[in-house]
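A look at the structure
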Amino acid sequence: MFAFCHFREISACTSFVYSSRKMKLQKLVFILCLLVAIAASIKSFREPDLWWQIRTGEWILEHHEVPKQDVFSYTMNGTEWINIKWGFEVLAALVTKIAGPESVFFIQSIVNCLLVFFLLKLSILLFRKNGIENPPTQSSFLLSGVITFLVLMIGTEYRMIGRPEMFSHLFTILFLVLLEKNRLSPSRQIYIIIPLQLLWANMHEAFGIGIVILAIYTVSAWIDRMFSKDNKSDAIQLSLISIAAIASVVINPNGIDLLTRPFNILNQVYSNKYTTELLDFTAPEWWKKEAYIGMLFSLVSILTMLAMKKNEKSKYTQFQRFVLKINNPYLITVIAFFYLGLTAYRNLIFISLICFPVFHYFVFLGLRRWSNKAKRIEKYAVHASIVLLVLFYVAIVSNKYYKFTNSRDRFGLEVLSINNPTGAADYIQKNNLRNKVCFSDYLTSSYLLWKLQPEFKTYIDLRDLDVFPAAFFNEFLRDVNSVKDFHKLDSIRHFDYAVVFRPQFNALHAYLYNDSVYALKYVDPVAAVYEKTDAFSRDDIFEKCKPVKPGSFATAVNKILNPFYTPYAYSGIETDYIAASYYLNVGRVELAKQRADNLALSAKTRYKAGELMGQIYFRSAMQEANDSARQGLLSLAEESYLQSLRDNNSFAPSFLGLGSVHYAQKNYTGAISDLNKCLALDEDNYDAHLTIAQCYRELISTGTARKDEYRNKLLQHYLKANDLNPGNPMVIANIGFVYFQVNDCERAKEYLSEVAGRQGLGNSDSLAVLNCLRQCGY
């Protein structure tokens, strides 16, 4: 090409070639951003909610209508059901029919790509608004965007899990793009908001967010109209669009009832105590990396927007200038979403998404200021962006990122039997139990509902408070924590069999295993099936999880995104350890010991064998009447736990066991030290919180001068234990007792009234509950 250039034009031609090459690299950066967004959405199937949503979509396709009453449970059959997510459910069912249930996450990947595109559009709008023309051509824009994007991914990928809320994330950004573009350059595109609001109202219950955003921009337009002498906004147009958008909400299977639904959902958020995703900022569990990133994004964005200079002419009064400066609808939207994020952990993603453009602008300004001193940033910005994106992409598809962040997620489209009760479902299907009355908990029932359709009906499932009221959830928690209450429930419902999530509900497992009517027929690391039958075996029948073969589409996607992809390695599951823990809980010590012996054969798992032997000795000690023999068994348990920690000094269950031994030996300060080490490794260990609370209770009873400090810590651990495993009457009663002791009768009544007259409390505790309530005027 240079041979045809005149000498004077060589410089211009060189500049053109360099510019063309730079443009190609910029396109490569955008493509890599899309690949990272796709990779972050390709995950193994672990969300139990998705199973009942797919099943609902299949029901709609079969019956050509949206169910308005419960059709999936036998406990709430016929109860009104306002199902807003039906649009997503139909989409998920179609994808499942074509490519298998694991491919539902491909919907998330498409939404993620759209989010990347529209977030970039929103950034460009903000940059242009602040006098930076054609920002994508600037290298600092690119590098600052990639840095912000990667931080955004770290703070938001936890909610990229294939759930219908993805459409609320997308529509939120779409609304902001349309509204900001209309403020910068009014056009008829703003009317697209009306059909978008209609679509939103049929995809996810957070559709009210769109109306709130519209209201903020409409009010801001009217303020501009009142105070600005150079007003170009059309407040009347936005008002009409808002009215039309609100009216469009009624175009849904539930009609006008949907208009008040956002208020009901807010009440549900405050009533729902059964999932950590709805905890607010007052809960320690809320403060994770996602919360810190969300807070960083929002605070930086608010301060950046407040610092932005608005060119106001001297013809305005000081008050008018103040009003016009703070009348920034985007700023007000950020503040509104900042509050929304504080109310529930799952809402933090909204903060990070809407703050992305402003945080991008903030990083851009920082890089540009730095680049004035270091010109190499401009020169190598594109290359640095490519390197960062490739490294992050590789970290995701190789699962290094998920391991580093201790995430439950895993790259790859596949249904993992370690997360879903596939073995229990196969047993039920094989033994023709689908038509019989089943007691199932809410963690196993959704998969069973999908797999065993159409005959299987649930006792309770994860349709939260849409179908099952809070009172029913409380009754369920009472029944699974109290043998007498479950026995009473069984005499009314006449269950034929029960499916119980193996990692939880220990009291129910122990009761059903040892009951004379029920018999354990199947158990694996995920679920146990107990059947009313005389034909049973007391042998070790604990099964390993079996792989579920993914569909051809899922396999192809996994291999395309990572040619070295390998399916989940089930050989890495410590089935012996899980089985031994189960058998110890149900009282089969000899079976637990056999499994522990298997673990002791390998140097890699010897520490787990030591911990199990500690449990065996400790449980035997607790059943020993002779004090001397009891102390001997406790010493053996202590040595076993210590040996386990010598083999692996970061194994939380061994610290828990050591703390339990020291508690039994009345060495409460030593127990607290051990249990705190356990919580440092496993902050959500229910037994550790419960035992450490009991240690503080014993220390308070000694009359220590530090009783106020210990009482606060006692309350903190009991509350945490109640969050982790709601419904335990002893925990609830003890929380009430602590509040009563500090003269907080209102809170004492809240907890004590919940357990008054309930099974699961001893006579003395029941009388204490009534006495406290009486003194509090209940």
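Predicted, not measured: the structure shown is a model, and the values here were computed from it.

Moving on, we get to helix α25 (residues 589–600). An α-helix turns once per 3.6 residues; consequently, residues spaced three or four apart project the same way. Taking 1.5 Å of rise per residue, 12 residues should cover 16 Å, and α25 covers 16 Å from first to last C-alpha, within 8% of that figure. For α25, the full list of buried residues reads L591, A592, R595, A596 and L599. In an axial view of α25, the angular spread of the buried residues amounts to 140°, which keeps them on one side of the axis. Among the structural elements, α22 (506–514), α24 (575–585) and α26 (606–622) are those in contact with the buried residues of α25.

A few words now on the packing of aromatic side chains. If you walk through the whole model with that rule in mind, you get 50 aromatic pairs. Here F106 and F553 contribute two aromatic rings whose centre-to-centre distance is 5.2 Å and whose plane-to-plane angle is 90°, an arrangement assigned as edge-to-face. Placement of F106 in helix α4 (residues 105–129) and of F553 in helix α23 (residues 552–561) is noted, with a sequence separation of 447 residues between them. Judged by its relative accessible area of 30%, F106 falls in the partly exposed class.

Turning our attention to a nonpolar patch on the surface. Taken together, the side chains of I246, V250, I251, I256 and L259 present a nonpolar region at the surface, about 410 Å² in accessible area. When you line up the elements, V250 lands in the loop between α9 (235–248) and α10 (261–271).

With that settled, the discussion passes to the state of the cysteines. Scanning the entire structure with this criterion turns up 1 disulfide. The disulfide that involves C745 links it to C776, with 2.2 Å between the sulfurs. Between C745 and C776, the S-S dihedral sits near -75°, and the bridge is therefore left-handed. Within this pair, whereas C745 is found in helix α33 (residues 745–755), its partner C776 is found in the segment after α34 (763–775), the two being separated by 31 residues in sequence. C745 gets classed as partly exposed once you look at its relative accessible area, which sits at 26%. A relative accessible area of 11% places C776 in the buried class. The closest cysteine sulfur to the non-disulfide-bonded C113 is located on C33, 11 Å from its own sulfur.

Glancing now at the pattern of salt bridges. Tallying each qualifying case throughout the model produces 31 salt bridges. Here R588 ties to E590 by a salt bridge, and the two come within 2.5 Å at their closest N and O atoms. Accessibility expressed as a relative area gives 15% for R588, which makes it buried. The exposure class of E590 is partly exposed, given its relative accessible area of 40%. Each member of the salt-bridge network shares a partner with another, and the members are K43, R46, E47, D49, E157, R159, R163, E165 and D409.

Time to look at the packing of helix α31 (residues 707–724) against helix α32 (residues 729–741). Helix-helix packing is characterised by the crossing angle of the two axes and by the distance between the axes. Running from amino to carboxyl end, α31 crosses α32 at an angle of 150°, the nearest separation of the two axes being 9 Å. As far as their axial angle goes, α32 and α31 are roughly antiparallel. As for how α31 packs across α32, the hand of that crossing is left-handed. Taking contact as the criterion, the partners of R711, L714, L715, Y718, L719, A721 and N722 in α31 are, on α32, V731, I732, N734, I735, V738, Y739 and Q741. For the contact of α31 with α32, the class distribution of residues is 10 nonpolar, 3 polar and 1 charged.

The next point concerns the sheet that holds strand β1 (residues 438–440). Taken in spatial order, the 4 strands of this open sheet run β1-β2-β4-β3, and their pairing is mixed. Either end of the sheet is taken by a strand with one partner, and the two such strands are β1 and β3 (518–523). Taking the axes of each pair of neighbouring strands and ignoring which way they run, one obtains an average angle of 20° across the sheet.

This paragraph deals with the environment of A652. You can see A652 is positioned in helix α28 (residues 652–664). When the C-alpha atoms of A652 and L675 are compared, they prove to be 8.8 Å apart, with 23 residues separating the residues in sequence. In this view, A652 contacts C678, L681 and D682; residues no more than four positions away in its chain are not counted.

Let us look at the environment of A535. Along the chain, A535 turns up in the loop between β4 (527–532) and α23. Along the backbone, A535 and K521 are 14 residues apart, and their C-alpha atoms lie at a distance of 9.0 Å.

Now for unusual backbone geometry. Put simply, Q453 and P454 share a cis peptide bond, and its omega is 0°. Considering the arrangement of structural elements, one finds P454 in the loop between α18 (445–451) and α19 (464–467). Even without being a glycine, N406 presents a positive backbone phi close to 55°. With respect to the element layout, N406 can be found in the loop between α16 (400–404) and α17 (422–430). The class for N406 is exposed, based on a relative accessible area of 69%. Of note, the phi angle at K666 is positive, near 65°, even though the residue is not glycine. K666 gets classed as exposed once you look at its relative accessible area, which sits at 64%.

Take the confidence of the model for the chain next. For the chain, mean pLDDT is 88; residues scoring 70 or higher make up 90% of the total. Of all the helices and strands in the chain, helix α12 (residues 318–326) carries the lowest mean pLDDT, 56, while strand β2 (residues 497–501) carries the highest, 97. Residue range residues 1–18 is modelled with pLDDT below 50. Its contacts to residues more than four positions away, or to other chains, number 5 contacts.

The rules behind the values
Residues numbered from 1 in each chain as written. Predicted model: local features only at pLDDT ≥ 70, side-chain atom pairs only at ≥ 80, totals over all residues. Heavy atoms only, no water. Helix = DSSP H or I, 4+ residues; strand = E, 2+ residues; numbered from the N terminus. Expected span 1.5 Å × (residues − 1). Buried < 20%, exposed > 50% of the residue type's maximum accessible area, 1.4 Å probe, protein only. Arc of directions from axis to C-beta. Contact = heavy atoms within 4.5 Å. Phe/Tyr/Trp six-rings, centres within 6.5 Å; stacked < 30°, edge-to-face > 60°. Patch = residues over 30% accessible without salt bridge, like charges linked within 9 Å, V, L, I, M, F, W, Y side chains within 5 Å. Areas by Shrake-Rupley, 256 points an atom, 1.4 Å probe, with all protein chains shown as cover. Salt bridge = Lys/Arg side-chain N within 4 Å of Asp/Glu carboxyl O. Disulfide = S-S within 2.5 Å. Axes fitted to C-alpha atoms, helices over the stretch in contact; angles between N-to-C directions. Parallel < 35°, antiparallel > 145°, perpendicular 65-115°, else oblique. Left-handed = near helix turned anticlockwise from the far one by under 90°. Nonpolar A, V, L, I, M, F, W, Y, C, P; charged D, E, K, R; others polar. Pairing = 2+ DSSP bridges. pLDDT = per-residue confidence, 0-100.

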